[in-house]
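As a plain string of letters, each chain reads:
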Amino acid sequence: MIPERFIYRDESLYILDQRKIPDKIVYFKADTLDKVSKSIKDMMVRGAPLIGDTAALGYLIGIVHIKKPKKKITKSEIIRILKKNSDILKSSRPTALPLFTATDRMHSRAISMLENKPDILSEKDIDDLKKYLKKEAFEIIKEDISSTQKMAEYGLRLLKLGSTVITYCNTGALATAGIGTALGVITEGYKKGMIKFVYPSETRPYLQGARLTSWELLKNKIPFKLICDNMAAWIMKTEKIDAVLVGADRIASNGDTANKIGSYSLAILAKHHNIPFYVVAPYETIDWSISSGNDIKIEERDPVEVIKIKDKFIAYPDVKARHPAFDVTPSKLITAIITEKGIISPVSKKNIIKLNSF
Ligand code: MRU
């Protein structure tokens, strides 16, 4: 069993610290909105859908802990605090769209609920708001869980019986509140005999593939062998690889997809070897405000994460490095995008829009 990614108890959020996996199972107590934002920034919690769920709970923590006012609190004061809280959450990481959609959804629900309240808010008004936002946060989480199941159902339609696949980063239960996106397809696929073997790629520099995906595969007793990122081409050439499955952090409206740095290289390699390259992601990962991947903001993380593994330097400490945390795979390299609403293939704006009404 994969441990709970978060526990919400007594108005505090306990976040599974994914930086410690596989060594330890440790929960970080995030009882303020700032701590929730920091847990996202520092990658205790990661993976696009789970970041969205955490942001929704972070927004809730922000209102739950509003100090009981000595004098009556005004609606405009509460709105000012909520806006500031949203901005803090949204500044945690730039690329994963669910962080923004979940925060904006919580914020717009709060604002529309406050519309019907008087200018001076009573304690009961604040309590009502808290209850309402708690319900909304758990609704977001419920939707994440159910969409992972549906993505797996659609994903299985594309796989051949007994497939061997390559996957990248961590897109499993640890990246969502449910069974995962790409790794969800793989775990369900294994149960149904569609997947027989997996090559997870280690995913430098943060090693989500080595630390997290291989741990999930072990726990689920799925046969696999871990590969270094630079082995993928050779594995594709020398083994029979039936598909590459990855997740997504943000998809432009033309299908260009931002995902963990290294996904783009895998897509090029898959094209060269005639292997289908599948992106598995909730439909809400599509950013309608941008027309192509050129407009996706790519997070640039601390270069020290490239020259250090855990606490150990693997290069001379003065070495300069780059750390773009994501890259963008052009839609023409993607065979299909698998969402909870259905499969988008060929990947084009027209086909993405078609699914909108489902
Ligand atoms: O930096 P991370 O670990 O948050 O990056 C995660 C990924 O890129 C995943 O592949 C992506 O979020 C899809 S997860 C379901």
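Predicted, not measured: the structure shown is a model, and the values here were computed from it.

Basis of the calculations
Residues numbered from 1 in each chain as written. Predicted model: local features only at pLDDT ≥ 70, side-chain atom pairs only at ≥ 80, totals over all residues. Heavy atoms only, no water. Salt bridge = Lys/Arg side-chain N within 4 Å of Asp/Glu carboxyl O. Helix = DSSP H or I, 4+ residues; strand = E, 2+ residues; numbered from the N terminus. Buried < 20%, exposed > 50% of the residue type's maximum accessible area, 1.4 Å probe, protein only. Pairing = 2+ DSSP bridges. Domains from an automatic or database assignment. Contact = heavy atoms within 4.5 Å. Buried area = accessible area lost by both parts, 1.4 Å probe. Polar contact = N/O pair within 3.5 Å; in protein donor to acceptor, adjacent residues only side chain to side chain. Nonpolar A, V, L, I, M, F, W, Y, C, P; charged D, E, K, R; others polar. Near = heavy atom within 4 Å. Areas by Shrake-Rupley, 256 points an atom, 1.4 Å probe, with all protein chains shown as cover. 1 Å grid on protein atoms, 1.4 Å probe; cavity = no way out; pocket = protein on both sides within 12 Å on 5 of 7 lines; lining within 4 Å. Sits in = over half its atoms within 2 Å of the grid points.

For the structure shown, the criterion picks out 24 salt bridges. One salt bridge in this structure joins Arg93 and Glu299, with 2.8 Å as the shortest N-O distance. Here Arg93 is found in the loop between α3 (75-90) and α4 (97-115), whereas its partner Glu299 is found in the loop between β12 (286-287) and α10 (304-307), with 206 residues between them in sequence. Glu299 matches Arg93 in its accessibility class, with the two residues each being buried. With a closest N to O distance of 3.2 Å, Glu136 and Arg109 form a salt bridge. Separated by 27 residues along the polypeptide, Glu136 in helix α5 (residues 123-156) and Arg109 in helix α4 bring together distant segments of the chain. For Glu136, a relative accessible area of 10% puts it in the buried group. In this structure, a network of salt bridges that share partners links the residues Arg93, Glu299, Arg301 and Glu305.

In this section: the pairing of strand β11 (residues 277-280). Side chains Phe277 and Val279 project from β11 onto one buried face, and the interleaved Tyr278 and Val280 project onto a second face that is buried too. Pairing of β11 with strand β16 (residues 336-338), which is carried by 3 bridges, proceeds in the parallel orientation. Across the sheet, the residue bridging to Val279 is Ile337, located in β16.

Another aspect to go through is the domain arrangement of the protein. Looking at the assigned domains, one finds that the protein contains domain 1 (6-149) and domain 2 (150-356). Its C-alpha centre places domain 1 at a distance of 27 Å from the equivalent point of domain 2. Contact with domain 1, which involves 32 residues of that partner, is made by 38 residues of domain 2. Interface of domain 1 and domain 2: buried area, both sides summed, is about 2800 Å²; carbon and sulfur atoms make up 54% of it. Applying the counting rule to domain 1 against domain 2 returns 2 salt bridges. Between domain 1 and domain 2 we count 24 residue pairs in polar contact (both at pLDDT 80 or more) in total. Of all the elements in the fold, those that place two or more residues in the side of domain 1 that touches domain 2 are α2 (48-64), α4 and α5. Considering each element in turn, the side of domain 1 that touches domain 2 owes the most residues, 7 residues, to α5. Here the residues of the side of domain 1 that touches domain 2 sort into 16 nonpolar, 8 polar and 8 charged.

Another point: the site of the ligand. Near the ligand there are 18 residues, and of these Arg46, Arg93, Gln208, Asp249 and Lys260 occur at the shortest range. At 2.8 Å from an oxygen atom of the ligand is found a side-chain nitrogen or oxygen belonging to Gln208. One nitrogen or oxygen atom from the side chain of Lys260 is found 2.7 Å from an oxygen atom belonging to the ligand. Protein coverage of the free-state accessible area of the ligand, which is 410 Å², stands at 100%. If you map the ligand onto the pockets, it falls in the largest cavity. Broken down by class, the residue content of the shell around the ligand amounts to 7 nonpolar, 7 polar and 4 charged. Taken domain by domain, the shell around the ligand gets at least three of its residues from each of domain 1 (6-149) and domain 2 (150-356).

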